[in-house]
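# Reading the structure
Listed below, chain by chain, are the residues.
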Amino acid sequence: MRVRFAPSPTGHLHVGNARTALFNWLLARGSGGTFILRIEDTDVERSRTESEQAILEDLEWMGLHWDEGPDVGGRFGPYRQSERLYLYRSYAERLIREGRAYYCFCSPQQLEAERKEQVRLGRAPRYSGRCRAIAPAGARARVDAGEAAVVRFKVPDQERVGFTDIVRGEISVSIDVIGDPVLLRSDGHPAYNFAVVIDDALMEITHVIRGEDHISNTHRQVLLYEALGVTPPKFAHLSLVLGPDHTPLSKRHGATSVAEFRAKGYLPEALVNYLALLGWSPGEGEEVLPAAELARRFSLEAVAHSAGIFDEEKLAWVNRHYLRSAAPERIAALSIPYLRAAGFATAPDARGLEFLASRAIPMVTNSVDRLDQAPRRLHFLFEFKPSVSIQDSDVAAILIHPGATHAIDTLASELEMMPRLLTRDTFRAAAARVRERTGLKGKDLFHPIRVALTGDAGGPELDLAIPAIDAGAALPADAGIAPIMGCRERAVAFAAALRVDGR
Ligand code: GLU
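Here we summarise the structure given alongside this text. Source: prediction; values computed, not measured.

## Section: the overall build of the protein
The helix and strand inventory of the protein stands at 21 helices and 11 strands. Relative to its length of 503 residues, the protein is extended, with a C-alpha radius of gyration of 32 Å against a globular reference of 23 Å. Per-residue burial over the protein gives 49% buried out of 503 residues. Carbon and sulfur atoms make up 52% of the accessible area of the protein, which totals about 22,900 Å².

Structure, rendered in structure tokens:
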């Protein structure tokens, strides 16, 4: 089995295309087949090297490694269409020689006039076939004399053209809807339908898996395979990925490219796992499975032909699962760009990373959907300003309780007597002392303590937050983590702010 993903490098990798790549990859990996990457860059105007580079990076990031491709090579190269122009030319010439293709000299103005006339007559516009009448020798002479010409395929005289789609079953159309398609443009570049057939044939592709927007192309391609005397590959056309309003997923719905989801802090394994569920189910009520297991279970026959609705909530749910099960060291490293953007880290060294992995990340992974939410979850470590906190309405609602100020004063005096570096147990001991001395308990005790030590009315469990604050405060200044004020100083500062405020 040989399958390929054939992106056009004209923009970002859309998640719909990423799913196409994934289904090809799953099929290849599940069956010991070969996954090929081919760059379809014959649209000179729109193709960009940076876009090709970005697509390769996104695929790498998703872990969809290819066995043959522009960078790794392979027996069937080159894998960039712009490097295969000589092949398209020679096959076009062969088809001309065999009388299955011909030169067309119609100008764009002529074609446009013809199109308008057909529309006026209420017919579907298609090329009239006018240049079929030019004798081959005469056409050749005009081309040799430098006249601009395209090469068109002579659509054969038959009633219908069709194929069996693995996902959709029999599909066919009347040949009448197909005007003689262009194979080579006048600048020598191939039309998509021609290049793709030559490449799929020469690269010995056995299964073509792509979006259903290509079905009308497939009819033309099937005719070309027949003309070339090549058995077509098997085809599977995937439903498009739609937004929640059932229109094709686009910018209007928010993020659409792999790069955007990556920047939002989704893990690659989560995106891969989620995309696999769009139009396919691994069965047995299981949804969260590693890529290798998805590949083991994948079959094209089980792909649904109903559209896949992209649901970011569900993606977030899958991501939470992977965030929780990933190694904290890895999540710590991945969270650095977000922390850096928030001013909470520079370039953490081993001590900084250790702090993040063992202290900070556990508070993140148990509650966020994505890593771009990490700074919001961790801001209390770095931004402690009692005078600002007491203006916050949720904090004020806690401070207004009888005994809240007393609890904070008492906490401050208790922490003066505790070791500086609070652990979960020493923190609990301090809280127990405050309870004994004030008679406060439950929320009345812990809400003021939380407010005094974190500056917030809510946030991570104190059992995690308090040791994290003091571990962070003990970090050397050059560990790459922004300065963190310790709990003892926090309690004192908060009590002082309350006094200034007259509470
Ligand atoms: N370059 C085409 C695209 O990006 C590939 C279609 C195909 O897989 O044949 O849509």
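## A look at the side chain of R19
Following the sequence through the fold, R19 ends up in helix α1 (residues 15-31). Notably, R19 is buried but unbridged: the nearest opposite-charge side chain belongs to E212, and the N-O separation is 7.6 Å. Here the side chain of R19 touches L278 through a polar contact of 2.8 Å, landing on its backbone oxygen. The contacts of R19, once residues within four sequence positions are left out, are L238, S239, L240, V241, L275, L278 and G279.

## Quick look at the site of the ligand
Within the structure, the ligand sits among R4, A6, S8, E40, Y192, V196, R210 and H214. One of the side-chain N or O atoms of R4 is found 2.7 Å from an oxygen atom in the ligand. A distance of 2.9 Å separates a nitrogen atom of the ligand from a polar atom in the side chain of S8. Look at the ligand: alone it shows 300 Å² of surface, and the protein chains cover 84% of it. Looking at the shell around the ligand, its residues break down into 3 nonpolar, 2 polar and 3 charged.

## Let's talk about the sheet that holds strand β7 (residues 182-184)
Spatial strand order, β3-β4-β7: 3 strands in an open sheet with antiparallel pairing. With partners counted over all chains shown, the strands left at the sheet margins are β3 (101-104) and β7, one partner each. Put simply, the sheet's adjacent strands are angled 45 degrees from each other on average, direction ignored. When strand β4 (residues 150-153) meets β7, the two strands line up antiparallel, connected through 2 bridges. Following the sheet pairing, V151 is matched in β7 by L184.

## Notes on the state of the cysteines
Taken as a whole, this structure holds 0 disulfides when the rule is applied. Here C104 stays free of any disulfide, with the sulfur of C106 as its closest cysteine sulfur at 3.9 Å.

## Re helix α2 (residues 49-62)
With 14 residues, α2 extends 20 Å from end C-alpha to end C-alpha; this agrees with the ideal 20 Å at 1.5 Å per step. Buried-residue contacts for α2 involve β1 (2-5), α1, β2 (34-37), α8 (258-263) and α9 (268-276).

## Some details on the environment of P282
By the element assignment, P282 lies in the loop between α9 and α10 (291-297). On the basis of relative accessible area, P282 is assigned to the buried category, the value being 8%. Sequence spacing of P282 and A295 is 13 residues, and the spatial spacing of their C-alpha atoms is 9.3 Å. Contacts of P282, omitting those with residues within four sequence positions, involve L277, L289, L294 and R297.

## Observations regarding the packing of helix α18 (residues 424-438) against helix α19 (residues 443-454)
Between α18 and α19, the least distance of the axes is 11 Å, while the angle of their chain directions is 125 degrees. Taken together, α18 and α19 sit at an angle that is classed as oblique. In the crossing of α18 with α19, the sense of the turn from one axis to the other is right-handed. Residues F427, A431, V434 and R435 of α18 touch α19, and the partners they reach there are L445, F446, I449 and L453.

## Observations regarding helix α4 (residues 108-120)
For an α-helix the count is 3.6 residues per turn, leaving residues at separations of three or four pointing the same way. An ideal rise of 1.5 Å per residue puts 18 Å on 13 residues; α4 measures up with 18 Å between its terminal C-alpha atoms. Where α4 ends, the next residue or the one after it, G122, has phi of about 75 degrees, a positive value.

## Brief notes about the environment of E313
Assignment of secondary structure puts E313 in helix α11 (residues 312-325). Accessibility expressed as a relative area gives 65% for E313, which makes it exposed. Distance in space between the C-alpha atoms of E313 and D369 is 9.0 Å, their sequence separation being 56 residues.

## Digging into the packing of aromatic side chains
Under the defined criterion, the tally for this structure stands at 8 aromatic pairs. With 5.3 Å between their ring centres and 45 degrees between their planes, F261 and F310 make a pair best called tilted. Here F310 lies in the loop between β11 (308-309) and α11 and F261 lies in helix α8, a separation of 49 residues in the sequence. Exposure class is identical for F261 and F310. Each is buried. Here F384 and F494 contribute two aromatic rings whose centre-to-centre distance is 6.4 Å and whose plane-to-plane angle is 45 degrees, an arrangement assigned as tilted. Taken together, the residues F384 in the loop between α14 (374-382) and α15 (386-389) and F494 in helix α21 (residues 487-500) connect sequence positions 110 residues apart. The class for F384 is buried, based on a relative accessible area of 10%. One aromatic cluster is present, formed by F261, Y266, Y274 and F310 through successive ring pairs. The positively charged end of R19 is found above the aromatic ring belonging to F23, 5.5 Å away from the centroid.

## Overview of the pairing of β1
Neither face of β1 is open: one carries R2 and R4, the other V3 and F5, and all of them are buried. After leaving β1, the chain enters α1 and then returns to the sheet as β2, a path that is right-handed.

## As for the nonpolar core
F355, L381, L415, L453 and F494 are the most contacted members of the largest nonpolar core, which totals 65 residues. If you tally residues by element for this core, the top one is helix α13 (residues 350-365), at 7 residues. Those residues in contact with F355 that sit more than four places away from it in its chain are A360, L381, A468, A471, G472, L475, I481 and I484. Core analysis: the next-biggest nonpolar cluster, separate from the first, contains 48 residues, L13, L64, I209 and V258 among them.

## Regarding the pattern of salt bridges
Tallied over the full model, the rule gives 40 salt bridges. Ionic pairing is found between R84 and D199, a salt bridge with its closest N-O pair at 2.7 Å. On the criterion of sequence distance, the pair formed by R84 in the loop between α2 and α3 (85-97) and D199 in helix α6 (residues 192-202) is long-range, its members being 115 residues apart. With a relative accessible area of 1%, R84 lands in the buried category. A relative accessible area of 0% means that D199 is categorised as buried. For the salt bridge of R320 with D369, the shortest nitrogen-to-oxygen distance reads 2.4 Å. Linking R320 in helix α11 with D369 in the loop between α13 and α14, this pair joins segments that are 49 residues apart in sequence. A single network of salt bridges, built from pairs that share partners, joins R4, R38, E40, R84, D199 and D200.

Conventions we followed
- Residues numbered from 1 in each chain as written.
- Predicted model: local features only at pLDDT ≥ 70, side-chain atom pairs only at ≥ 80, totals over all residues.
- Heavy atoms only, no water.
- Helix = DSSP H or I, 4+ residues; strand = E, 2+ residues; numbered from the N terminus.
- Rg over C-alpha atoms; globule rule 2.2 N^0.38 Å.
- Buried < 20%, exposed > 50% of the residue type's maximum accessible area, 1.4 Å probe, protein only.
- Areas by Shrake-Rupley, 256 points an atom, 1.4 Å probe, with all protein chains shown as cover.
- Lys, Arg positive; Asp, Glu negative; His and termini not counted.
- Salt bridge = Lys/Arg side-chain N within 4 Å of Asp/Glu carboxyl O.
- Polar contact = N/O pair within 3.5 Å; in protein donor to acceptor, adjacent residues only side chain to side chain.
- Contact = heavy atoms within 4.5 Å.
- Near = heavy atom within 4 Å.
- Nonpolar A, V, L, I, M, F, W, Y, C, P; charged D, E, K, R; others polar.
- Pairing = 2+ DSSP bridges.
- Axes fitted to C-alpha atoms, helices over the stretch in contact; angles between N-to-C directions.
- Disulfide = S-S within 2.5 Å.
- Expected span 1.5 Å × (residues − 1).
- Parallel < 35°, antiparallel > 145°, perpendicular 65-115°, else oblique.
- Left-handed = near helix turned anticlockwise from the far one by under 90°.
- Phe/Tyr/Trp six-rings, centres within 6.5 Å; stacked < 30°, edge-to-face > 60°.
- Lys NZ or Arg CZ within 6 Å of the ring centre and 35° of its normal.
- Right-handed = clockwise from strand over helix to strand, strands pointing away.
- Core = buried A, V, L, I, M, F, W, Y, C linked by side-chain atoms within 4.5 Å.

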